[in-house]
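A structural walkthrough
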Amino acid sequence: MRHGSIPGSRGRVRPVTLLGDPVLHAACEEATDFGPELARLVEDMFATMYAARGVGLAANQVGVALRVFVYDCPDDDEVRHLGHVVNPRLVEADGVVLRGPEGCLSLPGLEAGTERYDHAVVEGFNADGEPVRVHGTGWFARCLQHEYDHLEGGLYVDRLSGWRRHRVMRQAARAPWGG
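Quick caveat: nothing in here was measured; it's all calculated off a predicted structure. (Residues numbered from 1 in each chain as written. Predicted model: local features only at pLDDT ≥ 70, side-chain atom pairs only at ≥ 80, totals over all residues. Heavy atoms only, no water.)

Right, let's talk about unusual backbone geometry for a bit. With a phi close to 60°, R53 is a non-glycine residue in the positive phi region. Inspection of the secondary structure assignment puts R53 in the loop between α1 (36-51) and β1 (56-58). When its relative accessible area of 78% is taken as the criterion, R53 is described as exposed. Of note in this structure, E78 is not a glycine but carries a positive phi near 65°. As for its position among the elements, E78 is in the loop between β2 (68-74) and β3 (80-103). (Helix = DSSP H or I, 4+ residues; strand = E, 2+ residues; numbered from the N terminus. Buried < 20%, exposed > 50% of the residue type's maximum accessible area, 1.4 Å probe, protein only.)

UniProt feature "active site" (unreviewed entry): in the numbering of this structure it lies at E147. Relative to the elements of secondary structure, E147 occurs in helix α2 (residues 138-151). According to the relative accessible area criterion, E147 is buried, its value standing at 4%. Residues within four places of E147 in sequence aside, it is in contact with G56, L57, A58, Q61 and F69. (UniProt positions renumbered as here; feature names shortened; annotations may be inferred. Contact = heavy atoms within 4.5 Å.)

Okay, here's the thing in structure tokens:
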């Protein structure tokens, strides 16, 4: 990410944690060291996200309980948004609530209609400790809210109820990677 490099090109692909792993169900700790280790984590997260063909990835999805996420996600107008946020705060989630298909690299192959706001703003820092403010609309707003939820110890299935939740949990239990 520094000096115009392609995010993740110097990273290594890490295993993705799956539904049921305790690291996915606990709030992550704030990052306090903005040094080479954090930069390496961000690079590895990009490499992992791309290898898994995702549009976002939180640190706890690679087993690291730090408040960091990466994204490479289009909005509804097909504008590409690429970056990362360290110690994010979801400062706005508003607008119209839309139910749309949502999946997760920690529940591979599954998705369900999940309600999200169509506008979100996240504030935090980059890996160098510089402040960032990220605005998202449409699909990208969904991505920001999804990744933020991960850092709070939540998954999109936690937002589901009734038959939608039951169906996804049944599919997860039957999946080759499931319990």
